[in-house]
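For reference, the chains in residue letters:
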Amino acid sequence: MAIEYQPKIVGFLCNWCSYAGADVAGTSRICYPPNIRIIRVPCSGRIDPLLVVKSFQQGADGVLIAGCHPGDCHYTEGNYYARRRLALLRPFLEYIGIEKERFRVEWVSASEGKKWAQVVSSFTDELYKLGPREMTLAKGTG
Amino acid sequence: MARTGVFICHCGTNIGGTVDVSKVLEAAKSMPTVAYVDDNTYSCSEPGQASIHDAIIENRLDRVVIGCCSPRMHENTFRKTVATAGINPYLLEISNIREHCSWVHGDDKEAATDKAIELVRMAVAKVASLEPLFSRQVGLTKRALVIGGGIAGIQAALDIANADYEVVLVEREPSIGGRMAQLDKTFPTLDCSACILAPKMVDVAQHPNITLLTYAEVQDVKGFVGNFEVNILQKARKVDHIKCTGCGTCWQKCLERTPSEFNLEMGKRSAIYIPFPQAVPLKPVIDTEHCAHFKYLEAKEEGRDLPDCNICQQLCPVSAIDYEQEDQIISERFGAIIVATGYQTFDHSVYHEYGSGRYADVITGLHLERLLSASGPTGGEVIRPSDGLLPKTVVFVSCVGSRDEQKGRAYCSKVCCMYMAKQAIMLKEHDPEVQCYIFYIDIRAGGKDFEEFARRAQEEYGTLYLRGRISKIYQEGKKLIVCGEDSLIGRPVEIAADLVVLATGMEPSIGAAELAQRLKISYDTNNFFIEAHPKLRPVETNTDGIFLAGSCIGPRDIPESVAQGGAAAAKVAALFSQDVLTTDPMVATIDPMLCSGCLLCTQVCPFNAIDTQVTRDGRTIALVNETMCKGCGLCVASCRFGAADLRGFTQQQILAQVTSLWR
């Protein structure tokens, strides 16, 4: 292949913990791979599984969801719903041909800039190892 | 067709130094709906905002994307900017190309530029699908809740009360005063701590605008800025607060004796007690665990026989003792909350090299404060806890539970260097024969008159400062042998000490994380609460209407705690000076045509913000109460029919971001 493989990652981050944690990685100048595209949502509980599937359909090699640690949700319990909902999504993704390693859910607090950088780095590394995703889904147009 | 303006901020060199802004502008030109592109050195500056304002008008723009710092930083700034140019403030999208791009990809400028272009493209895609939103107005309760009655909370309560608003001050101990009440003197002025604190405590008790609830805890918090509903648990004091005059007969006559928490278990108190003589309110509580009457009742229930005691009830001249009194829940509405829950000292038992708490004569700085205090367990005489002898050689050990990553405490507790210097001076004042040694890592004396004070301890009071850590403390006869290293001369040192004082650091009060969860505010890995911005919003939280003060945010000394208490009070007064508040319009909506009436959304909503309504054709469907809705979007992801959506984060808007990627 002429063009070197660069994993494409979509990240859905809750506004209160993980997005702020990613901001802290910035203010602390902690470098991590540039492969991720962050979409800000109010709460991990807002993330509709459809958005994950759409991201894969759009060509993402991996989707990362990050929210507040269980117990720390800004909206009390949004992340509990997210945790269960996204756990159910995982076997469905495998069913449609997406390896489970390509979908990650992480809890990153507003102070964990370092953890955020580690999460992105390790996920990117893993996606390098997995290689490009076979396009089992037709690329959508939205 | 939308006409979007894209503005890229260089942020000096913060963005421009890594991201090739001209390339981003060039790429933005060809993005759909983009009608105008420009860059600013600092978009948030006055000329930056003016140029955005002018460009909107000159180019008839109706939507704006700004590529700059995090929306958590300047989204509100730029909403105001676009509003002044006549655009609905919610037709703005921030592309975070600083915290999420230039600052984290400084090692690869080309990749950073490519990423910035994509981030801008996502924002352009989202902005095109945004809709104008309009705020609503709600009333507010002009009453404040202050949690924590230490010096920060006391100052906050007094300042709000003086601004003529009502305040409820909640303290979980039987008296307000906090840690400052336990201190003997304060650095660097050597003011008597109790003498400067007690008048403020009395002011709190006497202020007509302040309701003081001691021996009480915040149990749960609902609602939002201007309209918090709080349940406060008033623990049973077993003493009628209104009848009691604080005469002292009961606690003087009580026969039980148990270690005093206030004196760190170095002295005794009665079972019906006030924690210290200047307690406010000066009304006792009964410690049911140690009271003979309650022990008798418990034994009776288990069929055992113990002698009963009700001396306090018999002797109380106003019949204020009420053994039947139960815990009580007080529900109140508040417009704002100030959290000032303070700190506790680090538990040094994890330091095996210092004896893990085995040696009676290895004490903490706070213990020494109590020994130095005239109202302390020894009446102000510093004696060895083990044998009551006067110590002549005292060794201080700094940074115990501070600046020690191995013990999980990487931060500096800030006050220890100064309180060690103060205590060394006080010990010498008490007994000129005392020789103090201070083992330090650095002397941090960065406050007004602090450096001069630390020097006085050395030069006038002959305190010997030795730079180095302690490797071991062990007992030999009556002496404690302190082994360390003087790293300035590079030699091991051994001192035979009579008393060792560990300068234990600060950690958040017990229960801080649980309180943060109840209030829905953020806290860090050490359980200190997180400010909305460490520099520019130091006493605010990310939850509107909840403010912070004092060492619940991080180690603070007394002047800082007082300043923060006042600052938080000023924020509350500014909030209460308004008669209505505007609500965030980014709330959930339900499409009545799509709603099936399954009402799953009412079950998942954490705020009970979804009501029902009956349509004209007789169907029961969901209806969002916009005042209660906080915009989490949990209902949106739960709705099987796509009837629920979230303004500002609609399904279509997020999908627009996703589908703009990698084109």
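Residues numbered from 1 in each chain as written. Chains lettered and ligands numbered in written order. Predicted model: local features only at pLDDT ≥ 70, side-chain atom pairs only at ≥ 80, totals over all residues. Heavy atoms only, no water.

K.L.:
Please explain the packing of aromatic side chains as it appears in this structure.
P.N.:
Each aromatic ring pair is summarised here by two numbers: the centre-to-centre distance and the angle between the ring planes. Counted under the stated rule, the structure contains 13 aromatic pairs over all chains. Their ring planes at 15° and their centres at 4.4 Å tell us that Phe262 of chain B and Phe276 of chain B sit as a pair that is stacked. With a gap of 14 residues between them, Phe262 of chain B in the loop between strand S13 (258-259) and strand S14 (268-269) and Phe276 of chain B in the loop between strand S15 (272-273) and strand S16 (285-286) connect regions that are remote in the sequence. Following the ring pairs from residue to residue traces out a cluster consisting of Trp16 and Tyr75 of chain A together with Phe607 of chain B. (Phe/Tyr/Trp six-rings, centres within 6.5 Å; stacked < 30°, edge-to-face > 60°. Helix = DSSP H or I, 4+ residues; strand = E, 2+ residues; numbered from the N terminus.)

K.L.:
For this particular structure, what's the right way to read the state of the cysteines?
P.N.:
Disulfides are covalent bonds that connect the sulfur atoms of two cysteines. All names here are of chain A. A complete count under the given rule lists 2 disulfides over all chains for this structure. Disulfide pairing is shown between Cys17 and Cys68; the S-S distance is 2.4 Å. The disulfide joining Cys17 to Cys68 has a torsion of about 100° about its S-S bond and is therefore right-handed. Pair noted here: Cys17 is in the loop between strand S1 (9-14) and helix H1 (18-27) and Cys68 is in the loop between strand S3 (62-67) and helix H3 (78-95), with a separation of 51 residues, a long-range link. (Disulfide = S-S within 2.5 Å.)

K.L.:
What am I meant to see in the interface of chain A and chain B here?
P.N.:
In many analyses, interface size is given as the accessible surface area lost on bringing the parts together. Every contact between the two is made by 54 residues of chain A and, on the other side, 51 residues of chain B. Here chain A meets chain B over a buried area of about 4400 Å², counting both sides, of which 61% is carbon and sulfur. Between the two partners, chain A and chain B, sit 2 salt bridges. In this structure, Arg37 of chain A engages Glu118 of chain B in a salt bridge whose closest nitrogen and oxygen atoms are separated by 2.7 Å. Among the elements of the structure, S1, H1, strand S2 (36-41), helix H2 (49-57) and H3 of chain A are those that each provide at least two residues to the side of chain A that touches chain B. (Contact = heavy atoms within 4.5 Å. Buried area = accessible area lost by both parts, 1.4 Å probe. Salt bridge = Lys/Arg side-chain N within 4 Å of Asp/Glu carboxyl O.)

K.L.:
What's the story with the sheet that holds strand S20 (residues 362-364) of chain B in this structure? I'm lost.
P.N.:
The strands making up a sheet associate through hydrogen bonds between their backbones, and the pairing can be parallel or antiparallel. Residues and elements named next belong to chain B. The parallel open sheet is built from 5 strands, whose spatial order is S20-S27-S21-S22-S23. The outermost strands of the open sheet, each flanked by one partner alone, are S20 and strand S23 (464-467). Adjacent strand axes in the sheet meet at a mean angle of 25° when their direction is disregarded. (Pairing = 2+ DSSP bridges. Axes fitted to C-alpha atoms, helices over the stretch in contact; angles between N-to-C directions.)

K.L.:
Sorry if this is basic, but what is going on with the sheet that holds strand S2 (residues 34-40) of chain B here?
P.N.:
Residue and element names in this part refer to chain B. Taken together, 4 strands build an open sheet; the order of strands is S2-S1-S3-S4 and the sheet is parallel. Single-partner strands in this sheet number two, and they are S2 and strand S4 (92-96). Strand after strand, the sheet turns through a mean of 15° between neighbouring axes, direction not considered. For strand S3 (residues 63-68) and S4, the ladder comprises 5 bridges, and the chain directions are parallel. Bridging across to S4, Gly67 finds its partner in Ser95. Against the sheet, helix H5 (residues 109-128) contacts strand S1 (4-9), S2, S3 and S4, and its axis sits at roughly 165° relative to S4.

K.L.:
Sorry, what's going on with the pairing of S3 of chain B here?
P.N.:
Consecutive side chains of a regular strand alternate in pointing toward one face of the sheet and then the other. Residues and elements named next belong to chain B. Counting buried positions along S3 gives 6 out of 6 residues, so the element sits mostly inside the fold. Of the strand pairs in this sheet, S1 and S3 are connected by 5 bridges, and their pairing is parallel. Within the sheet, the bridge partner assigned to Thr4 lies in S3 and is Arg63. In the classification by handedness, the crossover that spans S3, the intervening helix H3 (residues 71-84) and the parallel S4 is right-handed. (Buried < 20%, exposed > 50% of the residue type's maximum accessible area, 1.4 Å probe, protein only. Right-handed = clockwise from strand over helix to strand, strands pointing away.)

K.L.:
For this particular structure, what's the right way to read unusual backbone geometry?
P.N.:
For residues besides glycine, phi is generally negative; the peptide bonds are generally trans as well. Residue and element names in this part refer to chain B. Cis geometry marks the peptide bond from Phe187 to Pro188; its omega dihedral reads -10°. Tracing the chain through its elements places Pro188 in the loop between strand S8 (185-186) and strand S9 (191-192). Between Val280 and Pro281 the backbone carries a cis peptide bond, its omega angle lying at 0°. With respect to the helices and strands, the residue Pro281 is situated in the loop between S15 and S16. Phi is positive for Lys238, which is not a glycine, with a value near 65°.

K.L.:
Explanation requested: the pattern of salt bridges in the structure shown.
P.N.:
In a structure, side chains of opposite charge can pair up when their charged atoms sit close to one another. Residue and element names in this part refer to chain B. Applying the stated criterion across every chain yields a total of 40 salt bridges over all chains. The salt bridge partner of Arg409 is Glu507, with a shortest N-O separation of 2.8 Å. Within this pair, whereas Arg409 is found in the loop between strand S21 (393-400) and helix H12 (416-430), its partner Glu507 is found in strand S28 (residues 506-508), the two being separated by 98 residues in sequence. As far as the burial class goes, Arg409 and Glu507 line up, both buried. Measuring nitrogen to oxygen at the nearest pair gives 3.6 Å for the salt bridge that ties Arg619 to Asp617. Residue classification places Arg619 among the partly exposed positions, given a relative accessible area of 31%.

K.L.:
Please explain the confidence of the model for chain B as it appears in this structure.
P.N.:
When pLDDT drops low, the exact placement of atoms in the prediction is not to be read closely. Summary statistics for chain B give a mean pLDDT of 95 and a share of 100% for residues scoring 70 or more. For this predicted complex, the interface confidence score (ipTM) comes to 0.93, while the overall pTM stands at 0.81. (pLDDT = per-residue confidence, 0-100.)

K.L.:
Looking at this model, I keep getting lost on the domain arrangement of chain B. Mind explaining?
P.N.:
Residue and element names in this part refer to chain B. Segmenting chain B into domains produces domain 1 (4-129), domain 2 (137-235 + 327-342 + 509-582), domain 3 (243-322), domain 4 (346-507) and domain 5 (588-647). The C-alpha centroid of domain 4 is placed 35 Å from the C-alpha centroid of domain 3. Opposite the 6 residues of domain 3 that make contact, domain 4 presents 7 residues. Both sides together, the interface formed by domain 3 and domain 4 hides about 620 Å², and carbon and sulfur atoms give 74% of it. For domain 3, the biggest contributors to the area lost against domain 4 are Asn263, Leu264 and Met266; these three give 75% of the whole. (Domains from an automatic or database assignment.)

K.L.:
It is not clear to me how the nonpolar core should be interpreted in this structure. Could you clarify?
P.N.:
It is characteristic of soluble globular proteins that their nonpolar side chains tend to be buried jointly. Ranked by internal contacts, the top residues of the largest apolar core, which has 95 residues, are Phe12 and Val52 of chain A together with Val6, Ile66 and Val120 of chain B. Among the elements that line this core, the one with the most residues is H5 of chain B, at 9 residues. Every residue in contact with Val6 of chain B, bar those within four places of it in the chain, is listed here: Ala28, Val34, Tyr36, Val37, Asp38, Val65, Val120 and Val124 of chain B. Core analysis: the second largest hydrophobic core is formed by 41 residues, Leu158, Ile160, Phe262 and Val572 of chain B among them. (Core = buried A, V, L, I, M, F, W, Y, C linked by side-chain atoms within 4.5 Å.)

K.L.:
Just checking my understanding: could you explain the side chain of Asn35 of chain A for this structure?
P.N.:
Residue and element names in this part refer to chain A. With respect to the helices and strands, Asn35 occurs in the loop between H1 and S2. Engagement of the side chain of Asn35 in a polar contact is seen with the side chain of Gln6, the distance being 3.0 Å. A polar contact of 2.9 Å, which involves the side chain of Asn35, links it to the backbone oxygen of Pro7. With sequence-adjacent residues up to four places away left out, Asn35 is seen in contact with Gln6, Pro7, Lys8, Ile9, Thr124 and Tyr128. (Polar contact = N/O pair within 3.5 Å; in protein donor to acceptor, adjacent residues only side chain to side chain.)

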